[in-house]
Every structure is written in C-alpha cells, then in structure tokens.
Amino acid sequence: DQKLFKGKPYVSLNFAKRQGLSRKDRKLSNTSNIPTAVGGKTGLTIGFGHDVTPQELNSGKIAGVPFIDTNGNFIDLSNSDLQIIFKKDFQKHNKIAKTHFNNKDFGITFEDTPEELQLFLTERAFSTGTDAMTKADAAFKKALGLRESLSRSLKDKRLNTKSKAYNLQVRELKKAVDSFIFNVKERPAIQPRVDALFKISNAKDALYRFFKLQGK
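Position labels on residues start from 1 in each chain and follow its written sequence. This being a predicted model, a pLDDT of at least 70 is required before a residue's local features are given, and a value of 80 or more before pairs of side-chain atoms are given or counted; all residues contribute to the totals for chains, interfaces and linings. Values shown for side chains rest on all heavy atoms present in the structure; no hydrogens or waters enter the calculation.

## Looking at the overall build of the protein chain
Just so we agree on the cut-off: Under the scheme used here, helices are H or I runs from DSSP no shorter than 4 residues and strands are E runs no shorter than 2 residues, and both carry numbers assigned from the N terminus. Each radius of gyration reported is based on C-alpha atoms, and the globular scaling rule is 2.2 Å times the count of residues to the power 0.38. In this scheme, a residue with accessible area under 20% of its type's maximum is buried, one over 50% is exposed, and one in between is partly exposed, where area comes from a 1.4 Å probe on protein chains only. The contact definition used throughout considers only heavy atoms, calling two residues in contact when any of these lie within 4.5 Å. Residue-level accessible areas treat just the shown protein chains as cover; the underlying method is Shrake-Rupley with a 1.4 Å probe. For the purpose of counting charges, residues Lys and Arg are taken to be positive, whereas Asp and Glu are taken to be negative. His and the chain ends are not included. By convention, the point assigned to a charge is CZ for Arg, NZ for Lys, CD for Glu and CG for Asp.
Looking only at helices and strands, the protein chain has ten helices and five strands in total. Since a compact globule built from 216 residues should have a radius of gyration of about 17 Å, the 22 Å found for the protein chain marks it as more spread out than a globular shape. In terms of principal-axis extent, the alpha carbons of the protein chain reach across some 75 × 30 × 30 Å. The buried share among the 216 residues of the protein chain stands at 40%. In the protein chain, of all internal contacts separated by at least 6 residues, the share reaching a separation of at least 24 is 57%. A total of about 12900 Å² of accessible surface is found on the protein chain, and carbon and sulfur atoms cover 51% of it. Between the mean site of the 39 positive side-chain charges and the mean site of the 23 negative ones, the protein chain shows a separation of 5 Å.

## Structural notes on the packing of aromatic side chains
Heads up, the rule is: Side-chain rings of Phe, Tyr and Trp, where Trp is taken by its six-membered ring, are said to pair if the distance between their centres is within 6.5 Å; with planes under 30 degrees apart they count as stacked, over 60 as edge-to-face, and otherwise as tilted.
Throughout the structure, instances matching the rule amount to 13 aromatic pairs. When the ring of Phe 101 is compared with that of Phe 110, the centres are 5.9 Å apart and the planes differ by 70 degrees; the resulting orientation is edge-to-face. Per residue, the accessibility class of Phe 101 equals that of Phe 110, and both read buried. Relative to Phe 140, the ring of Phe 106 has its centre 5.0 Å away and its plane inclined at 75 degrees; by these criteria the two rings are edge-to-face.

## Focus on the packing of helix α8 (residues 164–185) against helix α9 (residues 191–201)
Geometry of a packed helix pair, given as the angle between the helix axes and the separation of the axes. Under the convention used in this document: The axes used here are C-alpha line fits, helices contributing only the stretch in contact, and every angle between their N-to-C directions lies in the interval 0 to 180 degrees. Between 65 and 115 degrees an angle is taken as roughly perpendicular, under 35 as roughly parallel, over 145 as roughly antiparallel, and anywhere else as oblique. The residue classification treats Ala, Val, Leu, Ile, Met, Phe, Trp, Tyr, Cys and Pro as nonpolar and Asp, Glu, Lys and Arg as charged. All others, Gly included, are polar.
Here α8 crosses α9 at 130 degrees, and the two axes come no closer than 9 Å. What the angle tells us is that α8 and α9 run oblique. Residues Ile 181, Val 184 and Lys 185 of α8 pack against Gln 191, Val 194, Asp 195 and Phe 198 of α9. Here the residues of the contact of α8 with α9 sort into four nonpolar, one polar and two charged.

## Remarks on the sheet that holds strand β3 (residues 50–51)
Condition: We call two strands paired when DSSP finds no fewer than two bridges between them.
The sheet built from three strands is open, its strands ordered β1-β2-β3 with antiparallel pairing. The open sheet terminates on both sides in strands that have one partner only, identified here as β1 (10–11) and β3. Judged from the two bridges that link them, strand β2 (residues 44–46) and β3 form a sheet pairing that is antiparallel. Along β3, the bridge assignment pairs Ile 46 with His 50.

## Looking at unusual backbone geometry
Although it is not a glycine, Lys 6 adopts a positive phi angle of roughly 60 degrees. Relative to the helices and strands, Lys 6 resides in the loop between α1 (2–5) and β1. Although it is not a glycine, Lys 212 adopts a positive phi angle of roughly 60 degrees.

## A closer look at the environment of Lys 175
Considering the arrangement of structural elements, one finds Lys 175 in helix α8. For Lys 175, a relative accessible area of 53% translates into the label exposed. Along the backbone, Lys 175 and Thr 113 are 62 residues apart, and their C-alpha atoms lie at a distance of 19 Å.

## Thoughts on the nonpolar core
In plain terms, the rule: We call a set of buried residues a nonpolar core when its members are Ala, Val, Leu, Ile, Met, Phe, Trp, Tyr or Cys and they connect through side-chain atoms within 4.5 Å of each other.
Within the largest apolar cluster, 35 residues are counted, with the highest numbers of intra-cluster contacts made by Phe 120, Phe 140, Val 177, Phe 180, Leu 207 and Phe 211. Those elements that place two or more of their residues in this core are α5 (79–102), α6 (115–128), α7 (134–155), α8, α9 and α10 (203–210). Element by element, the count of residues in this core is highest for α8, at eight residues. Listed in part, the 16 residues of the second largest apolar core include Leu 44, Val 52, Phe 67 and Ile 85.

Shown next as structure tokens:
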C-alpha cells in the first residue's frame, strides 16, 4: 500500500471493506473526502502502517511532521519523513512488546531473547496488537524448561550427546519450540502478513540457535 499511495494518507484496506468503499475511495487528496471515523478510529493509514489518529488529523502533524497544508490538502511526505514516523511507532511498540513479554514471568527478560524474536514481537505488536497467546506462552515456557533440564543433565554427565535419552529430549525440545513458532504466528485474519513478518525477521533460525537446535 505504501508503494501505491506513497507519502499521503489512505483508507486502510480493512476499514474500506467494512465501510463498503471502492479502491478509488481509498485514495485521498484532502481532509474533505475522508470517511467518517468509527469507534474513535479514522481508518486512515500513512507510510509504513501508521494509523492516523483523530488528534493527528486535528493538529495536521504526526510525530512532529506536518502532513496537512493550510488548505486542508494532504502533503506527499518524503521517505525521510515517513521514516521519522515509523521510528516513533517502532519505539512505542517495542516498549509494548517488552512490557507484554516481561509480564509473563518466563524467568528471562525480553532482552534475553534473540534480537530477531524481539523484532518479530515488536512488529507483531505494531501490526496485530498484543492479544492473548496462551498456547505460544505455554510452549515457550516448556521449551525453556527443557533447555535448562538438558543443560543440567549434560553438565552433571547424566546424559551425553550420543545417548538415546538425550536425543529423545532434544526431539521434545524441538517439538516445544516448533509449537511456540506455530502459535506465536497464528493470526488467521492476516496470516500471510504475520508469516511474512516472521520470515523477514529470521526469528525461526534465531530461536533454533537460542535453544541450541542448529541442524535439528
């Protein structure tokens, strides 16, 4: 959408569908032809997925960047302006993702996880919100427990990497990690987008390294 509408606000696809708007109605030139807000949401998006708020429409600025001129026309923002808006959004949702993760008492902090997973969880919070992830949380806790158990057993020499018992536990660990990956990505309404975000972040490879499952 950013490529199509460039640096001007446009009506988000989901909002347009709910309001029965055509594709041409999604393109906006000034404040006179914006759709009616619903539930306090304008339905407008700009740049890399920023949802324009009623307060921003009233002020004519987003993150300090003017996007409406004195005649009510939308300004075609430059890529550097859009990056300023995105950076502020990213910082906001990184904080949301961090708080959400740390409130779950995993025994490790958000910063202890791979940077790639932090990126995905931040992007997920940005794109889909921080809805309940009960199955993903349970799988992550199980994987952390199995990783700790394996580490202790190897250190105490109760297991060795060639034993059948060790390989069975590694398979259980992989199953838990894969379950976490499947469930943390699950968002049927926008599944292709979430899958793409996960792939771009390289979170799967990072998680396998984190849980010492390289090549497994």
